[in-house]
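One-letter residues, chain by chain:
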Amino acid sequence: MATAPSPLSAPPSPAPGLSAVPAPAPEPSTRLLIGLLLVAALVPRLLVFTVNENLYGDAVVRTELAERWLNAPHVITAYGDGAYQFGPLHMYLVGAALSVMDREVAGRAVSLLFGVLSVVPLFALTRRLFGWRAGVVAGLSFAAWGMHLQFSTTAGSEAVSLFFMLATFALYAEGVEENRFAPLFQAAVMLNLACALRYDAWMYMPLLSLALVFSSEDRVASVTRAVGFGLVCLPFPLLWMQGNEMMHGDPFYPVKAVEEFHRNWVQSSAGSGAAIGWRLQQLGFWPGIALLTLSPGVALLGMVGMVKAWRARPDTRWLVVAAVVPAAYFTFRAVVLLTFVPLGRFTVTQVTVVPVFVAFGFAALMGARGAGARKALAGVTAVLAVALPVAMGLYTFRTEGRLQDSLRPVSPTSTNPVAVMKVADFIKQEVASKGGAVAIDDDPSYMDLQIAFFSGLPELRMARVRWDTFRKRLQETNPEVLVRFDQGSLVKDPGVKLEGRTLVLDGVSYEELDGFTAPLHVYRRRQ
């Protein structure tokens, strides 16, 4: 006897006159998607890693401080205990890498590791909010992000901090969606680690705690979660504040030191008067960085997505707030209060939120438009996302000029001035390899830090004008080579006499060598 087919084994026939609606494509394996995104993030960063040099983000200073910590490992408890204005966790991570790697590679390798891994929490966050396709789009946009390529291949803390911030956001989204505290607890732990890396992460403790108050209609439960999350965020900040209170008499000593530096920096950058031009420049800094470094297509689609999501997806508003409020706060300080100088690396946490909304913005913008228009916009966006960082990286690579210098901090490639590296290479070959010592002038642009770092000399074989122990180190090291900058303070020293190509320092004569270009001058001690 024939049996009727089971409704579970065969799809129903479409009604007469109607075409069947195609079933949505199944989601590929999560491991496969993450693996492909990791490769997409790793390949361009490995290529850039081979040519990039530590330049911005206090990369060389951070590495030198990590070296000091490695020579005397201890728990860093305050500003003056070895971290200064930097987060102590970065000292530990780079110090650990220095135990097995060269100083020019160690900090960069730490950034590379966390920079590549950042695509995982970004994908998890975006998939949870908008689906796996949106997660892939966000991951690919992130992989091509030119500014992050530099952060992932130099020894600053931006790439490491961003990993923990993205992990915070991903776990926070899980906790809010599933109404569970365990992911929120884990998010708060990740935020503690981010706070131990960079101070701009501190503002997310109250911001995300407050957002939890409005995360559900059950106000009592929401407030309870918000309080719990806020309390778990506190261990590192409280310990760090206590350490600074005990050592410096002020729990906020590092923050105040950084703010004082920025106030002085604004005065030297904006000048006196109303500084209208400077204020206008800072007004559009955050969106400008997104447009320039993510590419116009990715940035605009992401911004459209954020606006549309605010109206149509209330469950994503906390993430929009996480991007907009800090950007607005720092913009207000820069434009109105004149107490802050924006830099590209300060925007990284807010700008990285933009790719999360790209797919949603694309869908909202295209609506019911045809497949041809959708493919055209997607193609142009993809080409720009790849072509712009490639062009910028090539344009700034080992070239000098006003525009190149302006773009270099946000370019995929980070290289020192040729004249600086020429001096550093000379010292490495002619001094460091022969067990000698060097005296180094200070430079208003901090290029003396770069020469000292890339010279390969340990600190004990250097006398640096920037140090208050300069005279003591001169007597101990008796340097045979001296480096002077045109705008350095060495020539203003009462113990220095400069006559033509001869420089006399505390009675010791040095003769200038040929082959180096201003503002750098290299001298060798007379025999």
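Computed from a predicted model, the values in this text were never measured in an experiment. (Residues numbered from 1 in each chain as written. Predicted model: local features only at pLDDT ≥ 70, side-chain atom pairs only at ≥ 80, totals over all residues. Heavy atoms only, no water.)

**Details of the overall build of the protein chain**
Regarding its fold elements, the protein chain presents 24 helices and seven strands. Along the first, second and third principal axes, the C-alpha set of the protein chain runs to 110 × 55 × 50 Å. Across the 527 residues in the protein chain, those meeting the buried criterion constitute 50%. Contacts in the protein chain between residues at least 24 apart in sequence constitute 70% of all its contacts with a sequence separation of at least 6. Split by element, the accessible area of the protein chain, about 24400 Å² in all, is 65% carbon and sulfur. Between the centroid of the 44 positive side chains of the protein chain and the centroid of its 39 negative side chains there is a distance of 8 Å. (Helix = DSSP H or I, 4+ residues; strand = E, 2+ residues; numbered from the N terminus. Buried < 20%, exposed > 50% of the residue type's maximum accessible area, 1.4 Å probe, protein only. Contact = heavy atoms within 4.5 Å. Areas by Shrake-Rupley, 256 points an atom, 1.4 Å probe, with all protein chains shown as cover. Lys, Arg positive; Asp, Glu negative; His and termini not counted. Charge placed at Lys NZ, Arg CZ, Asp CG, Glu CD.)

**Observations concerning the packing of helix α16 (residues 296-312) against helix α19 (residues 358-366)**
Remark: α16 packs on α19, axes separated minimally by 7 Å, with the N-to-C direction vectors making an angle of 80°. In terms of orientation, α16 and α19 fall into the roughly perpendicular class. Residues Val298, Leu301, Gly302, Val304, Gly305, Lys308, Ala309 and Ala312 of α16 form the contact with α19, whose participating residues are Val358, Phe360, Gly361, Phe362, Ala364 and Leu365. A breakdown of the residues in the contact of α16 with α19 according to their chemical character gives 10 nonpolar, three polar and one charged. (Axes fitted to C-alpha atoms, helices over the stretch in contact; angles between N-to-C directions. Parallel < 35°, antiparallel > 145°, perpendicular 65-115°, else oblique. Nonpolar A, V, L, I, M, F, W, Y, C, P; charged D, E, K, R; others polar.)

**A few points about the packing of aromatic side chains**
Scanning all chains against the criterion turns up 24 aromatic pairs. Plain terms: the ring middles of Phe163 and Phe164 are 5.2 Å apart, the flat faces sit at 80° to each other, and that makes the pair edge-to-face. Looking at Phe163, the relative accessible area reads 16%, which means it is buried. Judged by centre distance (5.0 Å) and plane angle (85°), the rings of Phe453 and Phe454 are edge-to-face. A cation over a ring is seen here: Arg108 above Phe49, with NZ or CZ 4.0 Å from the ring centre. (Phe/Tyr/Trp six-rings, centres within 6.5 Å; stacked < 30°, edge-to-face > 60°. Lys NZ or Arg CZ within 6 Å of the ring centre and 35° of its normal.)

**Some words on the confidence of the model for the protein chain**
Low-pLDDT portions of the prediction should not be read for the details of their coordinates. The share of residues in the protein chain with pLDDT of 70 or more is 95%, and the mean pLDDT across the chain is 94. Low pLDDT (under 50) marks residues 1-21, which in the prediction has two contacts with non-local residues, meaning those over four places away or in another chain. (pLDDT = per-residue confidence, 0-100.)

**Looking at the environment of Pro326**
Structurally, the position occupied by Pro326 is in helix α17 (residues 317-337). With 21 residues separating them in the primary sequence, Pro326 and Thr347 have C-alpha atoms 9.1 Å apart. Discounting chain neighbours no more than four positions away, the residues touching Pro326 are Met203, Tyr204, Leu207, Val321 and Gln350.

**Quick notes on unusual backbone geometry**
With omega at 10°, the peptide bond leading from Ala518 into Pro519 counts as cis. Among the structural elements, Pro519 can be located in the loop between β6 (508-512) and β7 (520-525). Despite not being glycine, Ala275 has its phi angle at roughly 55°, a positive value. On the secondary structure map, Ala275 appears in the loop between α13 (253-270) and α14 (276-283).

**Concerning the pairing of β6**
Bridge count for strand β5 (residues 502-505) against β6 is four bridges, and the pairing is antiparallel. In the sheet register, Leu505 faces β6, and the bridge partner there is Val508. If you look at the hairpin formed by β5 and β6, you'll find two residues sitting between the two strands, and Asp506 has a positive phi there, around 50°. Of the pairings in the sheet, the one linking β6 to β7 comprises three bridges and is antiparallel in character. Bridging across to β7, Glu511 finds its partner in Arg524. (Pairing = 2+ DSSP bridges.)

**Structural notes on the sheet that holds β7**
Here seven strands make up an open sheet; going across it, the order is β2-β1-β3-β7-β6-β5-β4 and the pairing mixed. Looking at the sheet topology across the chains shown, the edges are occupied by β2 (462-464) and β4 (496-499). Put simply, the sheet's adjacent strands are angled 25° from each other on average, direction ignored. With four bridges connecting them, β4 and β5 associate as antiparallel partners. Residue Leu498 lies in a different strand from β5, and its bridge partner there is Leu503.

**Some points on the pattern of salt bridges**
Side chains that carry opposite charge are capable of pairing whenever their charged atoms lie near each other. In this structure the tally under the stated criterion is 28 salt bridges. Note that Arg103 is salt-bridged to Glu67, the shortest N-O span being 3.0 Å. You can see Arg103 sitting in helix α4 (residues 103-117) and its partner Glu67 sitting in helix α2 (residues 59-71), a full 36 residues away along the chain. Accessibility expressed as a relative area gives 15% for Arg103, which makes it buried. In this structure, the salt-bridge partner of Arg180 is Glu174, at a minimum N-O distance of 2.8 Å. Linked through salt bridges whose partners overlap, the residues forming this network are Asp58, Glu158, Arg198, Asp200 and Arg345. (Salt bridge = Lys/Arg side-chain N within 4 Å of Asp/Glu carboxyl O.)

**Observations concerning a nonpolar patch on the surface**
The grouping of Val223, Val227, Leu231, Leu234 and Leu238 at the surface amounts to a nonpolar patch, some 410 Å² of accessible area in total. If you tally residues by element for the nonpolar patch, the top one is helix α11 (residues 219-232), at three residues. (Patch = residues over 30% accessible without salt bridge, like charges linked within 9 Å, V, L, I, M, F, W, Y side chains within 5 Å.)

**Overview of helix α24 (residues 470-477)**
Of all the positions in α24, only Phe470, Arg473, Leu474 and Thr477 are classed as buried. Along the axis of α24, the buried positions cluster into a sector of 105°, meaning they face one direction only. Turned more than 90 degrees away from the buried face of α24 sit Lys472 and Gln475, all of them exposed. Looking at the packing, one finds that the buried side of α24 touches β1 (438-440), β2 and β5. (Arc of directions from axis to C-beta.)

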